Amino acid sequence: MGGGPKISADVGLAPKMALSVTASIVAETVTFPLDLTKTRLMIQGERGQAAAASSSGGAKPAYRGMMRTAVGIASEEGVLKLWQGVTPALLRHCVYAARLPTYEFLRENVAASKPGQITPIWKCAMCGMAAGCFAQFIASPNDLVKVRMQMEGRRRLEGKEPRVRGVYHAYSTIVRAEGVRGLWKGWVPNVQRAALVNMGDLTTYDSVKHRLLANTSLQDNAITHSISSFCSGLVAAVVSTPADVVKTRMMNQPTKDGR
């Protein structure tokens, strides 16, 4: 074990950014139907949607559970609609990739420990939160457009007028109706969510990987990275879900007469 080629740790910023964006785009494309399903489930609990369903004679929720929601979208709207809103989601990752170099810069230059020592977990947490907040703030307009595009299929089934017809139309409509500041609607819970995600994600990943390498016989290979990634993803999802619900509902609010 450990006889394979080693990649230099002194990889430049541009290759790191390119690899990060590429990996994020592939992962987002593959998992996007789950993200769409999550958004629909989060939105349907709104008081306004429940009232609309009751007045139209459909008092029970449109979706029940992840699998039934995904199957319902595919059968009612078409399989390709499971990827509605994927374009702004991919654009978001091109911007959000800034969190990794930001996190590494903060970890190595602000929270650096003595040579040979592991950076304390609380310092990793602070660096992760700061990097996540910065990257999410500049990427928030893409999240807003993604959420609104994800809800278009449901709106059309309910007989409502479409709000957006595509990515460019969504951006231009928001700017015309709400101004440039409208692109950052819901940014506060969005940034809070990013802080929690990165605190759980980057911090857990770093901590688990370092402790596996220090306390077990595992090498710095795919197995170690997979275990660390699983733990970090689980922690990040659990701690960030409440803020995610608030962010999604705020972004889906109507342009006028909305909260």
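The model shown is predicted, which means the values in this text are computed figures rather than measured ones.

The rules behind each value
Residues numbered from 1 in each chain as written. Predicted model: local features only at pLDDT ≥ 70, side-chain atom pairs only at ≥ 80, totals over all residues. Heavy atoms only, no water. Helix = DSSP H or I, 4+ residues; strand = E, 2+ residues; numbered from the N terminus. Polar contact = N/O pair within 3.5 Å; in protein donor to acceptor, adjacent residues only side chain to side chain. Contact = heavy atoms within 4.5 Å. Salt bridge = Lys/Arg side-chain N within 4 Å of Asp/Glu carboxyl O. Phe/Tyr/Trp six-rings, centres within 6.5 Å; stacked < 30°, edge-to-face > 60°. Buried < 20%, exposed > 50% of the residue type's maximum accessible area, 1.4 Å probe, protein only. Lys NZ or Arg CZ within 6 Å of the ring centre and 35° of its normal. pLDDT = per-residue confidence, 0-100. Patch = residues over 30% accessible without salt bridge, like charges linked within 9 Å, V, L, I, M, F, W, Y side chains within 5 Å. Areas by Shrake-Rupley, 256 points an atom, 1.4 Å probe, with all protein chains shown as cover.

1. Remarks on the side chain of Asn 142
In step 1: Looking at where Asn 142 falls in the secondary structure, it is placed in helix α6 (residues 121–150).
In step 2: Within the local environment of Asn 142, its side chain forms a polar contact with the side chain of Tyr 171, the two groups lying 2.3 Å apart.
In step 3: Once you skip the residues sitting within four places of it in the chain, Asn 142 turns out to touch Pro 88, Leu 91, Arg 92, Val 95 and Tyr 171.

2. Observations regarding the pattern of salt bridges
Side chains that carry opposite charge are capable of pairing whenever their charged atoms lie near each other.
In step 1: Tallying each qualifying case throughout the model produces 11 salt bridges.
In step 2: The partner of Lys 38 in a salt bridge is Asp 244, and the shortest N-O contact between them spans 2.9 Å. Taken together, the positions of Lys 38 in helix α1 (residues 13–43) and Asp 244 in helix α10 (residues 222–251) put the pair 206 residues apart, joining distant regions of the chain.
In step 3: Ionic contacts of the salt-bridge type, sharing partners, join the residues Asp 35, Lys 38, Arg 92, Asp 143, Lys 146, Arg 193, Asp 244 and Lys 247 into one network.

3. So, the packing of aromatic side chains
For any pair of aromatic rings, the description rests on two quantities: the centre-to-centre distance and the angle between the ring planes.
In step 1: Enumeration over the complete set of coordinates arrives at two aromatic pairs.
In step 2: Note on Phe 137 and Trp 184: the rings are 5.9 Å apart at their centroids and 35 degrees apart in plane angle, and the pair reads as tilted. Residue Phe 137 is found in helix α6, and its partner Trp 184 is found in the loop between α8 (167–178) and α9 (187–215); the two are separated by 47 residues along the sequence.
In step 3: Its relative accessible area of 24% is what places Trp 184 among the partly exposed residues.
In step 4: Measuring from ring centre to ring centre gives 5.3 Å for Phe 137 and Trp 187, while their planes differ by 85 degrees; the resulting arrangement is edge-to-face. Remark: Trp 187 occurs in helix α9 and Phe 137 occurs in helix α6; sequence separation between them is 50 residues.
In step 5: By relative accessible area, which is 35% here, Phe 137 ends up partly exposed.
In step 6: Among the residues examined, Trp 187 registers a relative accessible area of 37% and is labelled partly exposed.
In step 7: Three or more aromatic residues link up through ring pairs in this structure, and these residues are Phe 137, Trp 184 and Trp 187.
In step 8: Between the NZ or CZ atom of Arg 92 and the centre of the ring of Tyr 96, over which it lies, the distance is 4.3 Å.

4. Structural notes on the confidence of the model for the protein chain
In step 1: Residues with a pLDDT of 70 or more make up 84% of the protein chain, whose mean pLDDT is 81.
In step 2: A low-confidence stretch, residues 1–8 (pLDDT under 50), is modelled with one contact involving residues beyond four sequence positions or located in other chains.

5. So, the side chain of Arg 163
In step 1: The topology assignment puts Arg 163 in the loop between α7 (152–157) and α8.
In step 2: Among the polar contacts listed, one links the side chain of Arg 163 to the side chain of Asn 252, at a separation of 2.7 Å.

6. A closer look at a nonpolar patch on the surface
In step 1: A surface patch of nonpolar side chains, about 430 Å² in accessible area, is lined by Phe 134, Phe 137, Ile 138, Trp 187 and Val 188.
In step 2: Contributions of two or more residues to the nonpolar patch are made by α6 and α9.
In step 3: With three residues, α6 is the single largest residue contributor to the nonpolar patch.
In step 4: One can find Phe 134 in helix α6.
In step 5: Judged by its relative accessible area of 44%, Phe 134 is partly exposed.

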